[in-house]
Amino acid sequence: MGETHLARRRRLAALAAERGAGALLVTRLVNVRYLTGLASSRAALLVPADGEAVLATDARYAGTAERVCPDVPLVVDRHVAEVLTARAAERGLGPLGFEAHDLTVERHTALTGHADIPLVPLGHLVEELRRVKDEAEIGLLREACAVTDRAFEAVLPEIRAGVTERAVAIALERAMVDFGAEGPAFESIVASGPNGAVPHHRPGGRELEPGDLVTMDFGARYGGYHADMTRTVAIGELAGWQREVYDLVLRAQLAGIAAAVPGAETKAVDAAARDVVADAGHGDEFTHGLGHGVGLEIHEAPLLGYDGTGKLMDRVPITAEPGVYLPGRGGVRIEDTIVVRADGPELLTTTTKDLLVL
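About the cut-offs
- Residues numbered from 1 in each chain as written.
- Predicted model: local features only at pLDDT ≥ 70, side-chain atom pairs only at ≥ 80, totals over all residues.
- Heavy atoms only, no water.
- Core = buried A, V, L, I, M, F, W, Y, C linked by side-chain atoms within 4.5 Å.
- Buried < 20%, exposed > 50% of the residue type's maximum accessible area, 1.4 Å probe, protein only.
- Helix = DSSP H or I, 4+ residues; strand = E, 2+ residues; numbered from the N terminus.
- Pairing = 2+ DSSP bridges.
- Salt bridge = Lys/Arg side-chain N within 4 Å of Asp/Glu carboxyl O.
- UniProt positions renumbered as here; feature names shortened; annotations may be inferred.
- Axes fitted to C-alpha atoms, helices over the stretch in contact; angles between N-to-C directions.
- Parallel < 35°, antiparallel > 145°, perpendicular 65-115°, else oblique.
- Left-handed = near helix turned anticlockwise from the far one by under 90°.
- Contact = heavy atoms within 4.5 Å.
- Nonpolar A, V, L, I, M, F, W, Y, C, P; charged D, E, K, R; others polar.
- Lys, Arg positive; Asp, Glu negative; His and termini not counted.
- Polar contact = N/O pair within 3.5 Å; in protein donor to acceptor, adjacent residues only side chain to side chain.

(A) The nonpolar core, seen in detail. The biggest cluster of nonpolar side chains holds 36 residues, and the ones touching the most others in it are Leu-12, Leu-24, Val-26, Leu-45 and Leu-55. Secondary-structure elements contributing two or more residues to this core are helix H1 (2-18), strand S1 (23-26), helix H2 (29-36), strand S2 (43-48), helix H6 (125-131) and helix H7 (135-155).

The structure is reproduced here in structure tokens:
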């Protein structure tokens, strides 16, 4: 991956130069990982517009940095941003760009007092680079999704009346780890019966009951990359409204996936699914965007919503997760992780979307 990380740093350096900066100070840890391979809780990276990048981390991660990214000069210091800002000033790399969405006012003040160099915000440059994935990244996402699929299949026999939401969530997370995940990609959601009307319900002690719809939103993290899948199942005999809502959400999801092609406006992709729900009279009950990008973070660019901006591009992984939520009754959400491709969306989560009656 050394050459891959070097190519990423060079693309970032070119962007910084286009913005008139002498260098960019990268302080978001996930962005440092993307550019170097180092995963840590304390690190920063100085990327000059012209010249070699410098990595700073503390002594706890020095050995890991030397092993993971031996091609990047390393400074070992607890004050990672300060030491790199001083290095930039010494090398005359001003103005120094910084990640304003990450650097607090307090830290910004400390940096300006630490070295005589102008600081300029440069926006979400690294996040924009991260939006389009290379095939190695997609391979890690594909494996994260495969682990997620296998975990769901393994836990299905445990989803039955009398079992609590929390027990199902724990079983899913344990199964993902057993199948090779580093851990869950996020806190798993299991919402049964009326709790299904809450999109981000936290699983608790409610026992599943006959007649419930049960929505499970979960995913595995593998190689740092995050899967995201939602399936809604039924416990016992269904009411007519439950099947109608399920079929509606499935039609909406398929419409959204079909619209996810390179060049499509993100809000148009959202509209492709949202219009299906609205035409059926449930527009007010689809209360969130259609989806979001996934990668080293569970939520990253692009965002697909009614007010979204920008267009999709080839090799951009996104989720498609429409839902209908009926207060006091329950809800349905169906979600897959897909990759936008020139020849049509690639589905990474492959668990059946037929309504399972358990």
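Now, onward.
(B) Representation of the sheet that holds strand S11 (residues 225-226) within the structure. Read from one edge to the other, the open sheet built from 3 strands follows the order S7-S10-S11, with strand pairing classed as antiparallel. Pairing within the sheet leaves two strands with one partner each, and these edge strands are strand S7 (183-184) and S11. Here 2 bridges tie S7 to strand S10 (residues 220-222), and the two strands are oriented antiparallel to one another. Considered in S10, the bridge of Pro-184 is made with Ala-220.

(C) Just the pattern of salt bridges, in detail. In the structure shown here, the tally under the stated rule is 23 salt bridges. When the shortest N-O distance is used, the salt bridge between Glu-300 and Lys-133 registers 2.7 Å. In this pair, Glu-300 sits in strand S14 (residues 300-304) while Lys-133 sits in the loop between H6 and H7, placing the two residues 167 residues apart along the sequence. Note on Glu-300: relative accessible area 8%, which makes it buried. Given a relative accessible area of 1%, Lys-133 falls into the buried group.

(D) Quick look at H2. Among the 8 residues that make up H2, 6 are buried, leaving the element largely enclosed by the rest of the structure. Inspection of H2 places Val-30, Asn-31, Val-32, Tyr-34, Leu-35 and Thr-36 among the buried residues, and these make up the whole buried set. Downstream of H2 by one or two residues, Gly-37 has phi in the positive range, about 95°.

(E) Looking closely at the UniProt feature "domain: Peptidase M24" (unreviewed entry) in the chain. Per the UniProt record, "domain: Peptidase M24" (unreviewed entry) is annotated on residues 140-341. Helix makes up 32% of residues 140-341 and strand 24%, and the two end C-alpha atoms of the span are 17 Å apart.

(F) Representation of the packing of H7 against helix H8 (residues 165-178) in the model. Packing of H7 against H8 brings their axes to within 8 Å, and their N-to-C directions diverge by 130°. Here H7 is positioned oblique relative to H8, judged by the angle of their axes. Handedness of the crossing formed by H7 with H8: right-handed. Between H7, through Val-147, Thr-148, Ala-151, Phe-152 and Val-155, and H8, the contact on the second element is made entirely by Ala-171, Leu-172, Ala-175 and Met-176. Partitioning the contact of H7 with H8 into residue classes produces 8 nonpolar, 1 polar and no charged.

(G) Structural context of the side chain of Glu-321. With respect to the helices and strands, Glu-321 occurs in the loop between strand S15 (316-320) and strand S16 (323-326). Despite its burial, Glu-321 pairs with no opposite charge, the nearest such side chain being Arg-333 at 4.1 Å. Within the local environment of Glu-321, its side chain forms a polar contact with the side chain of Thr-319, the two groups lying 3.0 Å apart. Discounting residues that sit within four places of it in the chain, Glu-321 has contacts with Asp-217, Asp-228, His-288, Gly-289, Leu-290, Gly-291, His-292, Arg-333, Ile-334 and Glu-335.

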